[in-house]
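Given next are the chains, with one letter for each unit.
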Amino acid sequence: MDGLFVTATDTGVGKTMLSACLLASMAAAGLDVRAFKPVVTGLDERSDEGSWPPDHELLALAAGRHPQEVAPLLFGPAVSPHLAAEMAGRAIDPEALLQFARAQAAGTTLIAEGVGGLLVALTVSYSICDLAGDLGLPVLIAARPGLGSINHTLLTLRVARGAGLDVRAVVFTPWAERPDAIALSNRDTIAGLGDVEVACLPHVAAPQLGDLAATGDALPWKRWLSA
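K.L.:
Any chance you could explain the state of the cysteines here in plain terms?
P.N.:
Joining two cysteines, a disulfide is a covalent bond between their sulfur atoms. For the structure on display, the rule yields zero disulfides. No disulfide involves Cys21; its sulfur sits 13 Å from the nearest other cysteine sulfur, which is in Cys200. In this structure Cys21 comes out as buried when scored by relative accessible area, which is 0%.

K.L.:
How should the sheet that holds strand β5 (residues 109-113) be read in this particular structure?
P.N.:
For sheets, the rule is that strands pair by backbone hydrogen bonds, running either parallel or antiparallel. Pairing is parallel across the open sheet formed by six strands, whose spatial order is β2-β5-β1-β8-β9-β10. Two strands in the sheet have a free side with no partner beyond their single neighbour: β2 (33-36) and β10 (198-202). Averaged over all adjacent pairs, the angle separating strand axes in this sheet is 25 degrees, with direction ignored. Sheet topology places strand β1 (residues 2-8) next to β5; five bridges connect them, and they run parallel. Paired with Val6 across the strands is Glu113, a residue of β5. Across the sheet, helix α5 (residues 128-135) lies against β1, β2 and β5, angled at about 165 degrees from β1, the strand it touches most. Along the sheet, helix α7 (residues 181-193) makes contact with β9 (167-175) and β10, crossing β9 at roughly 175 degrees.

K.L.:
What is the right way to read the pairing of β2 from this model?
P.N.:
Regular strands place side chains that alternate from one sheet face to the opposite one. Residue alternation in β2 divides its side chains into two sets, Val33 and Ala35 and Arg34 and Phe36, and both sets are buried. With four bridges joining them, β2 and β5 adopt parallel strand pairing. By the bridge assignment, Phe36 is partnered in β5 with Ala112.

K.L.:
Any chance you could explain the packing of helix α1 (residues 15-28) against helix α8 (residues 209-216) here in plain terms?
P.N.:
Any two packed helices are characterised by how steeply their axes cross, that is the angle between the axes, and by the distance between the axes. Remark: α1 packs on α8, axes separated minimally by 7 Å, with the N-to-C direction vectors making an angle of 90 degrees. In terms of axis orientation, α1 runs roughly perpendicular to α8. Contact residues: α1 offers Met17, Ala20, Cys21, Ala24, Ser25 and Ala28, while α8 offers Leu209, Leu212, Ala213, Thr215 and Gly216.

K.L.:
Looking at this structure, I do not really get helix α6 (residues 149-162). What am I missing?
P.N.:
In an α-helix there are 3.6 residues to a turn, and that puts residues three or four apart on one side. Over its 14 residues, α6 extends 20 Å from the first C-alpha to the last, a length consistent with the 20 Å expected when each residue adds 1.5 Å. Turning to α6, its buried residues number three or more, namely Ser149, Thr153, Thr156, Leu157 and Ala160. Seen from one end, α6 has its buried residues packed into an arc of 105 degrees, which puts them on one side. Every exposed residue of α6 that faces more than 90 degrees away from the buried side is listed here: Arg158 and Gly162. Where the residues of α6 are buried, they touch β1, β8 (139-143), β9 and α7.

K.L.:
What should I look at first to understand the packing of α1 against helix α2 (residues 55-63) in this one?
P.N.:
Where α1 meets α2, the axes come as close as 7 Å, and the angle between the chain directions of the two elements is 15 degrees. The angle between α1 and α2 places the two elements in the roughly parallel class. Seen along the crossing, α1 lies across α2 with a hand that is right-handed. Along its contact with α1, which presents Thr16, Ser19, Ala20, Leu23, Ala24 and Ala27, the element α2 presents Asp55, Leu58, Leu59, Ala62 and Ala63.

K.L.:
I tried to follow α7 on my own but got confused; where do I start?
P.N.:
An ideal rise of 1.5 Å per residue puts 18 Å on 13 residues; α7 measures up with 18 Å between its terminal C-alpha atoms. Looking at the buried positions of α7, the neighbouring elements they touch are α6, β9 and β10. Capping of α7 at its N-terminal end is provided by Asp180; its side-chain oxygen lies 3.2 Å from the backbone amide nitrogen of Ile182. Of the residues trailing α7, Asp195 is marked for its positive phi of about 50 degrees.

So, how was this worked out
Residues numbered from 1 in each chain as written. Predicted model: local features only at pLDDT ≥ 70, side-chain atom pairs only at ≥ 80, totals over all residues. Heavy atoms only, no water. Disulfide = S-S within 2.5 Å. Buried < 20%, exposed > 50% of the residue type's maximum accessible area, 1.4 Å probe, protein only. Pairing = 2+ DSSP bridges. Helix = DSSP H or I, 4+ residues; strand = E, 2+ residues; numbered from the N terminus. Axes fitted to C-alpha atoms, helices over the stretch in contact; angles between N-to-C directions. Contact = heavy atoms within 4.5 Å. Parallel < 35°, antiparallel > 145°, perpendicular 65-115°, else oblique. Expected span 1.5 Å × (residues − 1). Arc of directions from axis to C-beta. Left-handed = near helix turned anticlockwise from the far one by under 90°. Polar contact = N/O pair within 3.5 Å; in protein donor to acceptor, adjacent residues only side chain to side chain.

As structure tokens, then:
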């Protein structure tokens, strides 16, 4: 399977933005790309018209696909996946998620995006970390550049490496045009203490393919894919 698995230090960190920029850049470069996100929650709390679309719709836009090809499970409440499924009277089947992802990945480059951080539970016995391990894709970790990022990122690195995941880089997002001293220090500290590459993804103003692709072009994704 060819592609990357995008996780994060927490929810709302920017992993969907990172995934969308990667997909748009890869598609613009001529790659046949697909997106996969196992579960999307919080659809009942959609923002006003004109704002950013839900995760699966943004990923579909970036990949040139239909939203139903991205996420097999959609839930309304903004809660963890296992609770959303419980509230809906449904069961999440990890094997079905893997089959869905593998079908999308066949003959393509897959950008798989997790839900929240690595230890988010899909079921009481199966986490996002387990999913990443079963897919076998190299991992990118989206992280905030601000205060608190050192602890959150190093903890995520420890969990990922302890599970045998191949972490290719940490990606700070959004990276300011003029980063402050905290962001600069966090970048260098995490790179040193975590023995990891730290890349930076600038702010994207609007959900437009051109903006997403241009931002993704700044990332060394070709090296991450081939390393």
